[in-house]
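# Chain and residue survey
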Amino acid sequence: MNESARVVDARKVDLVFQTSDGPVHALSEIDLEINKGDFISLIGPSGCGKTTLLRLIADLEKPTGGDIQVNEMTPEEARLQRAYGYVFQAPALYPWRTVEGNLKLPLEIMGIDKTEQARRSKEVLEMVDLSGFEKKFPWQLSGGMQQRVSIARALTFNPDLMLMDEPFGALDEIVRDQLNEHFHRLWEETHKTVVFVTHSIPEAAYLSTKIVVMSQRPGKIIDIIESTLPEKRTLDMRDTPEFLALSHRIREGLRAGHSYD
Amino acid sequence: MNWLRTSSFFSIAAVLAFTTVIWYGAAVYLNSDVLIDKYERKKIDWNFTKLVEDSWAMKRPIMPAPHQIMLDMKKSIFGYKISSKRSLVYHGWVTISSTLVGFAMGAVLGILLAVGIVHVSTLNKSVLPWIIASQTIPILAIAPMVIVVLGAIGVTGLLPKAIISAYLCFFPIAIGMVKGLRSPDPMHLDLMKTYNASKSQTFYKLRWPTSTPFLFASFKVSIAISLVGAIVGELPAGARAGLGARLLTGSYYGQTVQIWSALFVASIIAGSFVFLMTVMESKVQKRMGVQA
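If you're wondering where the values come from, they're calculated on a predicted model, not measured in any experiment.

### Quick look at the pairing of strand S8 (residues 210-214) of chain A
Residue and element names in this part refer to chain A. The buried count for S8 comes to 5 of 5 residues, which makes it a mostly enclosed element. Neither face of S8 is exposed, since Lys210, Val212 and Met214 on one face and Ile211 and Val213 on the opposite face are all buried. Strand direction decides the pairing type here: strand S3 (residues 39-43) and S8, joined by 4 bridges, are parallel. Within S8, the residue paired with Ser41 across the bridge is Ile211.

Written out as C-alpha cells, the structure reads:
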C-alpha cells in the first residue's frame, strides 16, 4: 500500500474526559490505519468509545494523548478542508428546511452556485431513491427515509471519506436490511472510504472490508478482522458458512472484550 | 357551523356573560353607599329597584356599569372628528404610535444584546446581570425622569415615551433570545462544525431559525408591556395626548367612566397586537414547515 493512500492513521491515541464525577478513560492506546477505499466497521458494546473514536477523526473531540492524522494532516486541518461527510446517529435534518433545502445546506455553506446546488441535490436524491420528495419537510418522511436524506446530504459535496455513526441504529430490522443493501451498492459504485460505527454483528460483517472490534471502557482495539467475503455482496449471502464464520469471529472478539470487567 | 364547535367562541362568551353579571352586581354594591347617603340627605323615598336603576346611571359613579362605558366609548370613538382632543381614536393613535416605535427599538436592542451575549463570553458575564438589574427599577419611578431629562435637552413628544416602552420591552426579548439562540440541538451544531461553517453562517442558517418560537413568545409579552410603557410615559404632568393623559385627566375630574373607557380601549389595542403577533407567528411557522 503506498503512503498517499493512507486516509486515517492513529498512533497510541488516548482520550480522558474530565467530568464532574472525575476523569473517564474513554479510549486507550488506539492504533488504527485506514486506507483509501476501505470500509471499516467499528464494533463494540455500548460505551466502548467507538463513537468517540469517530468524533476524534472528525475533529469533534481532541485526543489527550497520541497522534491522529487524516489525509496526512491533523484532523482539524482536514475538517477545515471539508475532507469528510459525517452521518449522525439521528438524521439531524433541519426541520424548517425541505428535503431539498437540507441537501443544499452544505453546498450553501461551501459557497457553491445555485444551479450546481440544484443539480447535485437532484443527483444525490436519485442515489438514495428519493426523487420526488424534494419539497417534503422531514416530518413528512419515515425514519428510514429521513436517514437516507441524511446520507444523501453527506454525499452532496462528494467527500472521499464518510464517517457514519450508527446511521441505521434506530431503525427496525427490515428497513435496516434494505438500507444495508442499498448502502452497500452505493459504496460499490463510489468506493469511498467509510468508517462505520455499529453494534450489529450482521451489519458489520455484511458491509465491511475490515472490522475493528473494540472492548469496554477504556476503549481498546481487540481485534482487526479482514473480511473474507467477496466484494459483491447480497443479503442472501448472510446464510453462507463463510458469513457465519466471519460473524462468529466478531462475536468471539466481542466476548473477549467483555471479559475485562 | 363547524367552526362554532371547534373555536373557543362559546367558552369566551360564557366567561364574558359571567363577568358582566358580576360587574352589574358590583356596580350596585359599590355605588349604593353614596346613593343611600344622598337619598337620606335629600329625604328621597327609595326602594331597591330605584337604587339599582340609579346606581347604573350615575354621572360620576365609583364603579360605572358596562353599558355606561360602552356608551361613552361609542361617543368618544365615533362621536368626534378623529383629530379632536375629545376623540379616543386620536388618543389611541398617539399611544399606538409610541408603542410601536418603542417596541421596534426594544426588539432591535434586545436581539442585538442576545446575539452579543451568546457569541461573546465576556458580554455573557458582564452584561446579563445589568440587564436583570435594570428591570428591578420601578418603571413609575424612572418614567418621569426620562421625560424630564430628555425634555431638558429638547427631546419631547413621541421619543421619550417610546424610550420608556423600549426600556420595558427589550428585557423579555433579550432573555428569550439568549435562550432561543442557545437552543440548537448539539448534533445540529456539530453538523455545522463538520462543514467548517463560519460563526455568521451558523447564526443565519441554524441559530436564528431555531430561535423563532422564542422570538414570537417574547414578542407577544413585549408588545403588551410596550403599551404599558407608553401609557406610563403619558402619565407625568405635561402629556396632553394619549390614553395615559386620558386616564390622568379622568382621575383629576372624577370622570370614572372616561377612565374605564380609556382602559377598555387600551386592552383592546393590546389584545389586537398580541393577536397580530399570533397570526404572524403561524404564517412564519407555516413557511418553516411546522406540522399543522
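### A word on the nonpolar core
All names here are of chain A. Residues Leu32, Leu42, Tyr86, Leu161, Leu163 and Met214 are the most contacted members of the largest nonpolar core, which totals 47 residues. At 5 residues, the largest contribution of residues to this core is made by strand S1 (residues 6-19). Residue contacts for Leu161: discarding those within four places in its chain leaves Val7, Val8, Val70, Ala83, Tyr84, Gly85, Thr193 and Val195. Residues Phe39, Met164, Phe183 and Ile201 belong to the second largest nonpolar core, which totals 41 residues.

### A look at a nonpolar patch on the surface
Residues and elements named next belong to chain B. On the surface, a cluster of nonpolar side chains totalling about 410 Å² of accessible area is made up of Tyr29, Leu30, Val34 and Ile62. Its location among the elements puts Tyr29 in helix H2 (residues 9-41). On the accessibility criterion, Tyr29 (66% relative accessible area) is exposed.

### Regarding the pattern of salt bridges
If you walk through the whole model with that rule in mind, you get 27 salt bridges over all chains. With a closest N to O distance of 2.9 Å, B:Asp190 and A:Arg55 form a salt bridge. Placement of B:Asp190 in helix H9 (residues 186-194) and of A:Arg55 in helix H1 (residues 50-57) is noted, with the two residues assigned to different chains. For B:Asp190, a relative accessible area of 16% puts it in the buried group. On the basis of relative accessible area, A:Arg55 is assigned to the buried category, the value being 18%. Here A:Lys62 and A:Asp59 are joined by a salt bridge, their closest N and O atoms 2.7 Å apart. Classification of A:Lys62 as partly exposed rests on a relative accessible area of 48%. Classification of A:Asp59 by relative accessible area gives buried; the value is 3%. Because the salt bridges share partners, they merge into one network encompassing A:Arg6, A:Asp9, A:Arg11 and A:Glu33.

### Remarks on the packing of aromatic side chains
Here the structure, examined in full by the defined rule, presents 20 aromatic pairs over all chains. Here B:Tyr39 and B:Trp46 contribute two aromatic rings whose centre-to-centre distance is 5.5 Å and whose plane-to-plane angle is 25 degrees, an arrangement assigned as stacked. Geometrically, the ring pair formed by B:Phe203 and B:Tyr204 is edge-to-face, given 5.2 Å between the ring centres and 80 degrees between the ring planes. Looking at B:Tyr204, the relative accessible area reads 60%, which means it is exposed. Grouping aromatic residues by their ring pairs yields a cluster made of A:Phe39, A:Phe168, A:Phe183, A:Trp187 and A:Phe196.

Cut-offs applied
Residues numbered from 1 in each chain as written. Chains lettered and ligands numbered in written order. Predicted model: local features only at pLDDT ≥ 70, side-chain atom pairs only at ≥ 80, totals over all residues. Heavy atoms only, no water. Buried < 20%, exposed > 50% of the residue type's maximum accessible area, 1.4 Å probe, protein only. Helix = DSSP H or I, 4+ residues; strand = E, 2+ residues; numbered from the N terminus. Pairing = 2+ DSSP bridges. Core = buried A, V, L, I, M, F, W, Y, C linked by side-chain atoms within 4.5 Å. Contact = heavy atoms within 4.5 Å. Patch = residues over 30% accessible without salt bridge, like charges linked within 9 Å, V, L, I, M, F, W, Y side chains within 5 Å. Areas by Shrake-Rupley, 256 points an atom, 1.4 Å probe, with all protein chains shown as cover. Salt bridge = Lys/Arg side-chain N within 4 Å of Asp/Glu carboxyl O. Phe/Tyr/Trp six-rings, centres within 6.5 Å; stacked < 30°, edge-to-face > 60°.

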